[in-house]
Amino acid sequence: MEISKKIDTLVDYSIRNNFIEKEDEIYSKNTLMDILNLDDLKVFDKVESQDNISEILDEILDYACETNLIQNNVTERDLLDSKIMGSLLPKPSQVTKKFDEIKTNEGIKAATAWYYDFSNKSNYIRGDRVAKNKKWITPTKYGDLQITINLSKPEKDPKEIAKAKLIKKVSYPKCLLCKENVGYMGSYTHPGRQNHRIIPFDFKGDPWNLQYSPYVYYNEHSIIFSSEHRDMRIDRKNITNLLDFIEQVPHYFVGSNADLPIVGGSILSHDHFQGGYHKFPMEVAEIIHRVKFEGFEGVEAGILKWPLSVVRLTGDREELIDLGNKILTAWREYSDESLHILAYSENEPHNTITPLARRVGENYQLDLVLRNNRTTDEHPLGLFHPHSELHHIKKENIGLIEVMGLAVLPGRLKSELDSLKEIALEDNFLDLVKNDETLEKHYDWCVIIEKKLKDGKTTFETEVGRVFERVLEDAGVFKLNETGVNGLIKFLNTVK
């Protein structure tokens with residue numbers, strides 16, 4: 001490999017994408033020489049232009065491995081490519097200035113589109129890995145559910161995992177969401193973030209920031225996070241901040257994971273939202289029962305036809321904040337033993353909500369998803385959590401993204417489904433599944449769907465989607481049947 005040519009290609013890519021100016025060319029090449037420990041650089045008359053940043057970086061990383069600058073593993077390759085790209089990007093203040101200029105001149109929609117494009121081209125969003133995800137749609141009685149098998153996060157080898165255990169624990173940055181990640185060098189236990197840039201937002205004096213997820217699950221998959229490292233907390237301020245965000249970014253939805261274990265997200269230690277420019281199945285769900293709240297006659301309210309228990313409010317911003325907080329406050333204390341809903345076990349709280357917001361024309365819309373994290377002897381991982389017979393497909397917590405109808409399923413399913421497809425038409429299909437150490441977990445499921453598969457009336461993908469439908473139903477506190485809907489109406493009648 002001619003490393004000098006690859007450096008030329010990368011610098012050319014950076015100039016063409018406005019990361020650096022033409023006048024920065026020599027400086028940038030010399031910086032890359034230092035990073036790659038080069039003592040000489042060839043000069044060529046013609047540059048080989050490329051537009052795939054992942055391919056450009058991979059070739060440079062291969063050189064770094066061949067020359068023993070780094071070990072050839074995921075961690076060290078990622079640390080080095082972040083450092084390389086960080087040396088070629090504008091400073092954080094320059095990115096913010098560019099975002100604000102576009103917002104002023106062309107509008108916020110153009111500004112977020114530019115920032116998303118920037119995050120992709122800077123390789124902060126790992127587009128090559130995201131493209132590996134397997135996706136499909138499954139029609140259900142609730143609408144078309146969006147299914148994703150997550151193949152984007154690479155698995156680390158045992159040596160990397162062992163080395164990470166030897167690294168001294170540090171308290172800076174405090175977590176993966178802290179603003180101190182911007183430009184951070186990273187380590188075996190913390191990803192490099194030299195190519196990370198964030199956009200500051202202000203929610204009535206409360207400083208927050210916008211970034212995109214490195215492993216996006218949908219268009220413009222964003223993370224909006226507090227500048228302060230503080231625990232997640234669903235309260236009036238949380239609802240207010242959600243509506244403040246869509247006031248400033250009206251083409252996005254925004255939502256918050258719940259603030260309790262089991263029904264919350266993976267990071268409860270840092271206050272944050274997720275948002276983006278995407279239409280989820282829950283957004284288009286129909287209202288099956290209209291609700292009126294005294295004193296809030298201007299708010300349209302109703303119960304959604306959705307497997308989880310969702311109250312939708314549409315109307316004026318301030319009224320939604322007041323009513324949303326009243327519903328939250330009532331739900332925190334509500335119990336209905338006939339439906340196995342307990343607000344507390346001794347002093348441990350169980351009730352919370354997953355709130356999300358969007359704009360509908362000039363109005364604001366707030367969806368409040370009622371959650372409960374109670375566990376029982378029969379369901380030790382959660383009564384309103386995927387039950388054990390579904391764990392062969394989905395065992396993990398049901399967070400905001402999945403609440404809205406987009407499944408994020410474990411990567412192991414890709415190879416397992418491929419193996420099942422290879423043997424599905426065999427006469428001894430069920431025996432083959434039962435006697436396979438990896439596939440045995442799917443045996444009971446295969447017993448149910450075998451005939452439909454062999455008759456060509458279904459596919460494994462369709463049946464996975466139907467399992468996800470059941471996963472969401474398990475997470476519903478008030479089931480979508482006559483008893484459950486009446487129970488939800490009974491609760492809503494307590495809101496004063």
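Residues numbered from 1 in each chain as written. Predicted model: local features only at pLDDT ≥ 70, side-chain atom pairs only at ≥ 80, totals over all residues. Heavy atoms only, no water.

1. What to know about the overall build of the chain
Alright, step 1. Of regular secondary structure, the chain possesses 16 helices and 15 strands.
Alright, step 2. Taking 496 residues into account, the globule formula puts the C-alpha radius of gyration at 23 Å, and the chain, at 25 Å, falls close to it.
Alright, step 3. Seen through its principal axes, the chain has C-alpha atoms that stretch 75 × 65 × 45 Å.
Alright, step 4. Split into buried and exposed, the 496 residues of the chain put 56% on the buried side.
Alright, step 5. Here the contacts in the chain between residues at least 6 apart in sequence split such that 64% fall between residues at least 24 apart.
Alright, step 6. Counting every atom, the chain has about 23200 Å² of accessible surface; 48% of that belongs to carbon and sulfur.
Alright, step 7. Taken together, the 65 basic and 80 acidic charged side chains of the chain have centroids lying 1 Å from each other. (Helix = DSSP H or I, 4+ residues; strand = E, 2+ residues; numbered from the N terminus. Rg over C-alpha atoms; globule rule 2.2 N^0.38 Å. Buried < 20%, exposed > 50% of the residue type's maximum accessible area, 1.4 Å probe, protein only. Contact = heavy atoms within 4.5 Å. Areas by Shrake-Rupley, 256 points an atom, 1.4 Å probe, with all protein chains shown as cover. Lys, Arg positive; Asp, Glu negative; His and termini not counted. Charge placed at Lys NZ, Arg CZ, Asp CG, Glu CD.)

2. Topic: the packing of aromatic side chains
Alright, step 1. Inspection of the entire model under this criterion finds 22 aromatic pairs.
Alright, step 2. Centroid distance Trp331 to Tyr334: 6.2 Å. Interplanar angle 25°. Geometry classified as stacked. Pair check on accessibility: Trp331 and Tyr334 agree, each one buried.
Alright, step 3. Here the aromatic residues Phe99, Tyr115, Tyr116, Phe201, Phe203, Trp208, Tyr212, Phe245, Tyr252 and Phe273 are joined through ring pairs into a cluster of three or more.
Alright, step 4. The aromatic ring of Phe44 is capped on one face by Lys5, whose charged end is 5.3 Å from the ring centroid.
Alright, step 5. Over the ring of Tyr443 we find Lys434, and its NZ or CZ is 5.3 Å from the ring centre. (Phe/Tyr/Trp six-rings, centres within 6.5 Å; stacked < 30°, edge-to-face > 60°. Lys NZ or Arg CZ within 6 Å of the ring centre and 35° of its normal.)

3. Quick look at the pairing of strand β13 (residues 351-360)
Consecutive side chains along a regular strand alternate between the two faces of the sheet.
Alright, step 1. Across the ten residues of β13, nine count as buried, placing the element largely inside the fold.
Alright, step 2. By the bridge criterion, ten bridges tie β13 to strand β14 (residues 363-372) in an arrangement that is antiparallel. When the sheet's bridge partners are listed, Arg358 is paired in β14 with Gln365.
Alright, step 3. Linking β13 to β14, which pair antiparallel, is a turn of two residues; within it Gly361 sits at a positive phi near 65°. (Pairing = 2+ DSSP bridges.)

4. Side note on the environment of His350
Alright, step 1. As for its placement among the helices and strands, His350 is situated in the loop between β12 (348-349) and β13.
Alright, step 2. Taking the C-alpha atoms as reference, His350 lies 5.1 Å from Asn373; in sequence the two are 23 residues apart.
Alright, step 3. Leaving out residues up to four positions away in the same chain, His350 has contacts with Leu260, Leu342, Ala343, Tyr344, Ser345, Arg371, Asn372, Asn373 and Arg374.
Alright, step 4. A polar side-chain atom of His350 sits 2.9 Å from a polar atom in the side chain of Asn373. (Polar contact = N/O pair within 3.5 Å; in protein donor to acceptor, adjacent residues only side chain to side chain.)

5. Focus: the sheet that holds strand β1 (residues 134-140)
Alright, step 1. Read across the sheet, three strands follow the order β1-β2-β15 without closing on themselves; strand pairing throughout is mixed. Here the strands that pair on one side only, and so sit at the sheet edges, are β1 and β15 (406-409). Taking each pair of neighbouring strands and ignoring which way they run, the sheet shows an average axis angle of 25°.
Alright, step 2. As defined by bridge partners, β1 adjoins strand β2 (residues 143-149) across seven bridges and the pair is classed as antiparallel. When the bridges of β2 are listed, Thr138 appears paired with Leu145. (Axes fitted to C-alpha atoms, helices over the stretch in contact; angles between N-to-C directions.)

6. Details of the environment of Asp455
Alright, step 1. Along the chain, Asp455 falls in the loop between α14 (443-454) and α15 (460-475).
Alright, step 2. Taking the C-alpha atoms as reference points, Asp455 and Asn195, separated by 260 residues in sequence, lie 52 Å from one another.
Alright, step 3. For Asp455, the side chain forms a polar contact with the side chain of Lys451, separated by 2.7 Å.

7. Some remarks on helix α9 (residues 236-248)
Alright, step 1. End to end, α9 covers 19 Å across 13 residues, agreeing with the expected 18 Å (1.5 Å per residue, within 8%).
Alright, step 2. Within α9, burial applies to Asn238, Ile239, Thr240, Asn241, Leu242, Leu243, Asp244, Phe245 and Ile246.
Alright, step 3. Capping of α9 at its N-terminal end is provided by Asp235; its side-chain oxygen lies 3.2 Å from the backbone amide nitrogen of Lys237. (Expected span 1.5 Å × (residues − 1).)

8. Some thoughts on the environment of Phe44
Alright, step 1. Looking at the secondary structure, you find Phe44 in the loop between α2 (25-35) and α3 (53-66).
Alright, step 2. Of the residues examined, Phe44 reaches a relative accessible area of 25% and is grouped as partly exposed.
Alright, step 3. For the pair Phe44 and Ser4, spaced 40 residues apart in sequence, the C-alpha separation works out to 8.5 Å.

9. Considering the nonpolar core
Alright, step 1. Judged by nonpolar contacts, the single largest core of 88 residues is most densely connected at Leu10, Phe293, Leu313, Phe478 and Phe491.
Alright, step 2. Here this core takes eight residues from α3, the largest share from any one element.
Alright, step 3. When neighbours within four sequence positions are excluded, Leu313 is seen to be in contact with Phe293, Val299, Glu300, Ala301, Leu320, Leu323, Gly324, Ile327, Tyr364, Gln365, Leu366 and Leu368.
Alright, step 4. Core analysis: the second largest hydrophobic core is formed by 48 residues, Tyr142, Val369, Ile401 and Phe460 among them. (Core = buried A, V, L, I, M, F, W, Y, C linked by side-chain atoms within 4.5 Å.)

10. Details of the layout of surface pockets
Alright, step 1. In this structure, the largest pocket encloses a volume near 1500 Å³.
Alright, step 2. Forming the boundary of the largest pocket are 48 residues, of which Lys153, Leu176, Tyr215, Tyr217 and Ser266 lie nearest the centre.
Alright, step 3. Of all the secondary-structure elements, those providing two or more residues to the lining of the largest pocket are α4 (74-86), β7 (272-276), α11 (400-403) and β15.
Alright, step 4. Here the lining of the largest pocket gets five residues from one element, more than from any other, and that element is α4. (1 Å grid on protein atoms, 1.4 Å probe; cavity = no way out; pocket = protein on both sides within 12 Å on 5 of 7 lines; lining within 4 Å. Points joined across faces, edges and corners; volume = space filled by probe spheres on them.)

11. What to know about empty space enclosed by the protein
Alright, step 1. For the structure on display, the rule yields two cavities of 30 Å³ or more.
Alright, step 2. Considered as a void within the structure, the largest cavity measures approximately 50 Å³ in volume.
Alright, step 3. For the largest cavity, the full set of lining residues is Ile303, Leu304, Trp306, Leu308, Ser309, Val310, Phe478, Lys479, Leu480, Gly484, Val485 and Leu488.
Alright, step 4. Looking at the lining of the largest cavity, the elements with two or more residues in it are β9 (300-304) and α16 (482-492).
Alright, step 5. Among the elements that line the lining of the largest cavity, the one with the most residues is α16, at three residues.
Alright, step 6. In the lining of the largest cavity, the residues fall into nine nonpolar, two polar and one charged.
Alright, step 7. One number sums up the size of the second largest cavity: a volume of about 40 Å³.
Alright, step 8. Lining the second largest cavity we find Tyr115, Phe118, Ser119, Ser122, Tyr124, Asn195, His196, Arg197, Gln211 and Tyr212.
Alright, step 9. For the lining of the second largest cavity, the elements supplying multiple residues, two or more each, are α6 (108-121) and β4 (206-212).
Alright, step 10. In terms of residues, the lining of the second largest cavity owes the most to one element, α6, which gives three residues.
Alright, step 11. Split by residue class, the lining of the second largest cavity holds four nonpolar, five polar and one charged. (Nonpolar A, V, L, I, M, F, W, Y, C, P; charged D, E, K, R; others polar.)

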